[in-house]
Amino acid sequence: MQNFTWPYPLEWQKEEVLTADVLVLGGGIAGCMAAISAARKGKKVLLIEKGATEMSGAGGSGCDHWESAATNPCSGVTPEDLAAAMLEDNGGFNNGISHYIECREGYDRLLDIEKMGGKIRDTDDEFRGAAFRDESTKLMFAYDYKSRITLRVWGTTFKPAMYRELKRLGVKILDRVMATSLLTENGHRGGRCIGATGLHARTGRFFIFSARSTIMCLSRPARIWLFSSDHTGLCEFRPTQCVGDGHAMGWRAGAEFTMMEKSVGAQFSAAGRSYPPYGAGNNHNTWYGASIIDAEGREIPYADRDGKILNSVEERFLPADGQPFFLKGGSVDNPDYRYDGPETLPYSKMVEQGYKLPFYADLTELPENERKVIWGMMVGEEGKTRVPVYENYKKAGFDPSRHVLQCYGTGWTSASFLPQERQLFGLPGGFLNDWKLKSSIDGLYVAGDSLYASNCYGHAAATGHYAGRHASDYATIAEMTPFDRKQADEEKRRIYAPVQTNPDTALGWKELNMGISKTMQNYCGEIKRDELLKIGLLRLQEYENNILPKTHAFNPHELVRLLEVFDILTVSQIILHSCIARKTSIKALSFERGDSIECSNEEDRMLITIKKDNDKIITGFMPVDFFGDLKENYERHNHDYIKSK
Ligand SMILES: Cc1cc2nc3c(=O)[nH]c(=O)nc-3n(C[C@H](O)[C@H](O)[C@H](O)COP(=O)(O)OP(=O)(O)OC[C@H]3O[C@@H](n4cnc5c(N)ncnc54)[C@H](O)[C@@H]3O)c2cc1C
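The structure reproduced in this document is the subject of the present report. Once a new chain begins, its residue numbering starts again from 1 and follows that chain's sequence as written. With pLDDT at 70 or above as the cut-off, local features in this predicted model cover only qualifying residues; side-chain atom pairs require 80 or more to be listed or tallied, and sums for whole chains, interfaces and linings still use all residues. Only hydrogens and water are removed before side-chain values are computed, so all heavy atoms of the structure are retained for them.

1. Points about the site of the ligand
And step 1. In these notes, residues near a molecule or strand are those with any non-hydrogen atom within 4 Å of it. For the ligand, the set of nearby residues contains 35 residues, the closest of which are E49, H65, D245, E382 and D449.
And step 2. A30 is positioned with one of its backbone polar atoms (N or O) 2.8 Å from an oxygen atom of the ligand.
And step 3. Two N or O atoms count as a polar contact when they lie within 3.5 Å, although within protein this holds only if one can serve as hydrogen donor and the other as acceptor, and sequence-adjacent residues are included solely when both atoms are side-chain atoms. One of the side-chain N or O atoms of D245 is found 2.7 Å from a nitrogen atom in the ligand.
And step 4. Accessibility throughout is a Shrake-Rupley quantity obtained with a 1.4 Å probe, and a residue counts as covered only by protein chains that appear here. Summarising the interface, the protein chains cover 99% of the accessible area of the ligand, which totals 990 Å² for the free molecule.
And step 5. Each helix is a run of DSSP H or I of at least 4 residues and each strand a run of E of at least 2, with the numbering of both proceeding from the N terminus. At the level of secondary structure, the elements contributing two or more residues to the shell around the ligand comprise helix 1 (29-40), strand 6 (177-184) and helix 10 (457-477).

As structure tokens, then:
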């Protein structure tokens, strides 16, 4: 089949054992910050990254706005009020612990990144005098110019700066290695985490990592519903290699998850249907504040939360009368009235009123600073926009003072998706955590998008640093426990199996991913029913029993892709089990059941927890606000950090 020579030495089955005090899985934003804070605590740190740490992950190619920086000197909102708003905005279904950490420590991390060489203020005075700029600090703000909690930043400079800091601190970085499983004490599911295993994506070498504590920073699942074998790199919003390996690893090790029944209608992805995020006309996030016009050039009005039409561009950036502040950004699914910001009137309503499709995003009439900050600063610094959108559109002649960009969806969606096309976008489920950001497994800490109800750069940086501190404290007292040979051998058997199958009769990773996504669209779409969900589980079980053993990988790269799809299958099973466990429709979880049953209101305020214990699925309930008073508990667990400031 293959008529080229693999360019790297093949090391199938070859084994290497590495040890560390603190093992960090994933070199994205959370992983880099976790490794930096553990190394600063004097620990021997090992960081495992599937790609190249310098630019990998969702934040590797950039970030144009840093949310929830409640302690920045210009902020008009306290960390307590902001975290409370984030909880209320999601009907309580949010991670109070991690978002309080974000609100309380996010700005500290931004200052850290600045010291490492990242650009966080308008030092070149490019935007002097702009309404969104603070003249004394030169910090720049997005969305709500009054509350000033979200900063516009030059995110393309961040990841390289963190990478230099990791090197300076002597963190051992292993790039191009996929973490494949967690090692547990005596090989027992649910036992203390004592390390992990890995596979080199170029040579196929097997790694065993032994550590006193481990930090999970492998982002969130993707490609569950959305997959296009023709556009594999464009299937989802997050990068191709972030598919939820960490969730699958945690599940196999017995960790507890929550909110895994939550998914939202696809918004921002490609999968053959959509245009590149931020590259089509919209007025959200990076493009917030842009005007939207119809085919005849008529502007779609912006209105505040009370429906009051806003007549000036300035008002798009201000809260409504009597509103203390509004929330905008990547984590707002169904805005609560209290925190709802200015928005264009619904497109469908405008069409009914005679506005003509298509609509376009139009920067031509915006004040010069607003246009310049969207096109050229935000678009350019945002993830995946520097080359694909900013540079390529510029080369093609796009001039934002003269041209407009067509909208293909509504709101910020980059296409009109089908109802069964869903996504883990915004604040999806993930690992359950305590106040130390420890998972339900001893020795395993979690940060960034791996946590339940997590999202955003500042959140990943803040929780990464926080998990790094607490995992270091744990490592100070924890033993270095030898790994279980049987557990390591089992994993070797699992991961190398696809190299030993017959390629002439085998399937590849794309076919398997396609089958899983089709199954999830058919049986776990917009409206859930027990019968459908159970058929979905059976279908996935069939794949596991009959298709997985027939898959083949020709080389280490394909093996990584295939193992990812095995993980996608595992995550899909977690999702189906979680959906079965949730019996009623919950708007805050975008969870709709066609066979919703009557139950006590109390259950509607409960998180569903889920884990696997041997072959049994164990579900439980816990109150959404199990974490208690945020400020009090945070301060109880972080004396040293507070003292060090
Ligand atoms: C296009 C885009 C634009 C965004 N813009 C913004 C923004 O402007 N503001 C904002 O606040 N947020 C933004 N976000 C979200 C933000 O980037 C993420 O929330 C943040 O990066 C999460 O950090 P993380 O460390 O959890 O995950 P990531 O930064 O994605 O890091 C995860 C890392 O794990 C690695 N990995 C995955 N699986 C394995 C494995 N098995 N073994 C080893 N390594 C593995 C990946 O390669 C990656 O490096 C954006 C996201 C995207 C995709």
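From this point, things continue past the structure.
2. Remarks on empty space enclosed by the protein
And step 1. Of the two site types, the cavity is a set of points on a 1 Å grid over the protein atoms alone where a 1.4 Å probe fits but cannot get out, and the pocket is an open set with protein on both sides within 12 Å along at least five of seven lines, each lined by residues with an atom within 4 Å of a point. Grid points are joined across faces, edges and corners, and a volume is the space filled by probe spheres set on the points. Tallied over the entire structure, the rule returns 4 cavities of 30 Å³ or more.
And step 2. What the largest cavity holds in volume is close to 190 Å³.
And step 3. Here the term charged refers only to Asp, Glu, Lys and Arg, the term nonpolar to Ala, Val, Leu, Ile, Met, Phe, Trp, Tyr, Cys and Pro, and the term polar to all other amino acids, Gly among them. Its residues assigned to classes, the lining of the largest cavity shows 9 nonpolar, 7 polar and 4 charged.

3. Section: the environment of R402
And step 1. Position of R402 among the secondary structure elements: in the loop between helix 9 (386-395) and strand 16 (404-406).
And step 2. Assessed through its relative accessible area of 60%, R402 is described here as exposed.
And step 3. Along the backbone, R402 and D294 are 108 residues apart, and their C-alpha atoms lie at a distance of 16 Å. Residue burial is assigned from relative accessible area. The probe radius is 1.4 Å, only protein chains are included, and a residue is buried under 20% of its type maximum, exposed over 50%, and partly exposed in between.

4. Quick word on the sheet that holds strand 23 (residues 616-623)
And step 1. Read from one edge to the other, the open sheet built from 4 strands follows the order 18-9-22-23, with strand pairing classed as antiparallel. Each edge of the open sheet is held by one strand with a lone partner, namely strand 18 (430-431) and strand 23.
And step 2. Bridge count between strand 22 (residues 606-613) and strand 23: 8 bridges; the pairing is antiparallel. Note on strand 23: the bridge partner recorded for T609 is G620.
And step 3. Whether two residues are in contact is decided by their heavy atoms: any pair within 4.5 Å suffices. Note on definitions: angles span 0 to 180 degrees between N-to-C directions of axes, and those axes are lines fitted to C-alpha atoms, for helices only across the stretch in contact. Contacts between helix 14 (residues 556-581) and the sheet are confined to strand 22 and strand 23, with strand 22 contributing the most and set at about 135° to the helix. One requirement defines pairing of two strands: DSSP has to find at least two bridges between them.

5. Comments concerning the pattern of salt bridges
And step 1. Salt bridge criterion: a side-chain nitrogen from Lys or Arg within 4 Å of a carboxyl oxygen from Asp or Glu. Inspection of the entire model under this criterion finds 52 salt bridges.
And step 2. Measuring nitrogen to oxygen at the nearest pair gives 3.0 Å for the salt bridge that ties E165 to R40. One end of the pair, E165, is in helix 4 (residues 158-168); the other, R40, is in helix 1, with 125 residues separating them in the sequence.
And step 3. Note that E299 and R316 form a salt bridge whose closest N and O atoms lie 2.9 Å from each other. Of this pair, E299 sits in the loop between strand 11 (291-293) and strand 12 (302-303) while R316 sits in the loop between strand 13 (309-310) and strand 14 (343-344); the two residues are 17 residues apart in sequence, bridging distant segments of the chain.
And step 4. Residue E299 is classed as partly exposed on the basis of its relative accessible area, which comes to 39%.
And step 5. On the basis of relative accessible area, R316 is assigned to the buried category, the value being 4%.

6. Digging into the pairing of strand 2 (residues 45-48)
And step 1. In strand 2, alternate side chains face the same way, and those of V45 and L47 on one face and L46 and I48 on the other are all buried.
And step 2. Sheet topology note: the strand 1 (residues 15-25)/strand 2 ladder contains 4 bridges and is parallel. The residue of strand 2 that forms the bridge with V22 is V45.

7. Thoughts on the packing of aromatic side chains
And step 1. Each pair of aromatic rings taken from Phe, Tyr and Trp, with Trp reduced to its six-membered ring, is defined by centres within 6.5 Å and is described as stacked if the planes are under 30 degrees apart, edge-to-face if over 60, and tilted in the remaining cases. Tallied over the full model, the rule gives 30 aromatic pairs.
And step 2. Taking the centre distance of 6.5 Å and the plane angle of 55° together, the rings of F206 and Y496 count as tilted. Taken as a pair, F206 in strand 8 (residues 206-216) and Y496 in helix 11 (residues 485-496) lie far apart in primary sequence, 290 residues in all.
And step 3. F206 sits in the buried class, given a relative accessible area of 0%.
And step 4. Three or more aromatic residues joined by ring pairs form one cluster here, namely F127, F132, Y143, Y145, Y288, Y302 and F317.
And step 5. Think of it as a cone above the ring: NZ of Lys or CZ of Arg counts as a charge over the ring if it is within 6 Å of the ring centre and within 35 degrees of the ring normal. Its guanidinium or amino end placed over the ring of Y641, R469 lies 3.9 Å from that ring's centre, counting from NZ or CZ.

8. What to know about the sheet that holds strand 14
And step 1. Spatial strand order, 13-12-14: 3 strands in an open sheet with antiparallel pairing. Only two strands of the sheet have a single neighbouring strand rather than two, namely strand 13 and strand 14.
And step 2. Inspection of the sheet shows strand 12 paired to strand 14 by 2 bridges, in the antiparallel sense. Residue pairing in the sheet places A303 in a bridge with E343 of strand 14.

Such coordinate-based values are descriptive only and should not be taken to indicate function.
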